[in-house]
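Architecture at a glance
As a plain string of letters, each chain reads:
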Amino acid sequence: MKWLARLFPTDHRDNETSTDDLHRAAAALLMEVARTDGKVDEQEERLLVEAVKRHWQLDQTEMDDIVAELRERVEAATDLFEFTLPLRERWDPETRVRLIYDMWAIAAADGKADVHEEQLIRRVSDLLYVSHGDYIRGKLAALGEDG
């Protein structure tokens, strides 16, 4: 869990958060959406892996390692703040909006967004300072609705 320790340092003088660590945090948020409804189906997993590969070039072995680490960390996390703070501080607004769109794509992979998935994405949007308009545009795009 070295990357998690860098992402959430206890000693801020030692903050060596790398770009890869930020990508892993984003992957954690995508995974959290995928598992919010209690199961990760094949379509959700495929979209998650595609998004990670497309945007952040993490390979499957690294994804498998991250997933194993994240299960424990996400279960123990009291809120999403610890995953979103480094992204909010280091990513530009466009990159944060793109993450919300990817989260919506995973939530809508089964053709609908569960209310819990919707609430999770709303919280992450707020924590990342993504506008409500971008949140809605992401939802409409993912669900194939006119905006």
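Right, let's walk through the structure included here. Here the structure is a predicted model, which is why all the values come from computation and not from measurement.

**Re the overall build of the protein**
- Check the secondary structure of the protein and you find 8 helices and 0 strands.
- For the protein, the succession of helices and strands along the chain, N to C, is α-α-α-α-α-α-α-α.
- Residue burial in the protein is summarised as follows: out of 147 residues, 46% are buried.
- A sequence separation of at least 24 residues applies to 69% of the contacts in the protein between residues at least 6 apart.
- A total accessible area of about 8000 Å² is found for the protein, and carbon and sulfur atoms account for 48% of it.

**Re helix α2 (residues 19–35)**
- Helix length check: α2, at 17 residues, gives a terminal C-alpha distance of 25 Å against a target of 24 Å (1.5 Å per residue), a fit within 8%.
- Among the 17 residues that make up α2, 14 are buried, leaving the element largely enclosed by the rest of the structure.

**A word on a negative patch on the surface**
- A cluster of acidic residues, Glu-42, Glu-45, Asp-59, Asp-64 and Asp-65, forms a negative patch at the surface.
- Mapped onto the negative patch, the elements with two or more residues apiece are α3 (42–56) and α4 (60–76).
- Within the secondary structure, Asp-64 sits in helix α4.

Cut-offs applied
- Residues numbered from 1 in each chain as written.
- Predicted model: local features only at pLDDT ≥ 70, side-chain atom pairs only at ≥ 80, totals over all residues.
- Heavy atoms only, no water.
- Helix = DSSP H or I, 4+ residues; strand = E, 2+ residues; numbered from the N terminus.
- Buried < 20%, exposed > 50% of the residue type's maximum accessible area, 1.4 Å probe, protein only.
- Contact = heavy atoms within 4.5 Å.
- Areas by Shrake-Rupley, 256 points an atom, 1.4 Å probe, with all protein chains shown as cover.
- Expected span 1.5 Å × (residues − 1).
- Patch = residues over 30% accessible without salt bridge, like charges linked within 9 Å, V, L, I, M, F, W, Y side chains within 5 Å.
- Salt bridge = Lys/Arg side-chain N within 4 Å of Asp/Glu carboxyl O.
- Lys, Arg positive; Asp, Glu negative; His and termini not counted.
- Charge placed at Lys NZ, Arg CZ, Asp CG, Glu CD.

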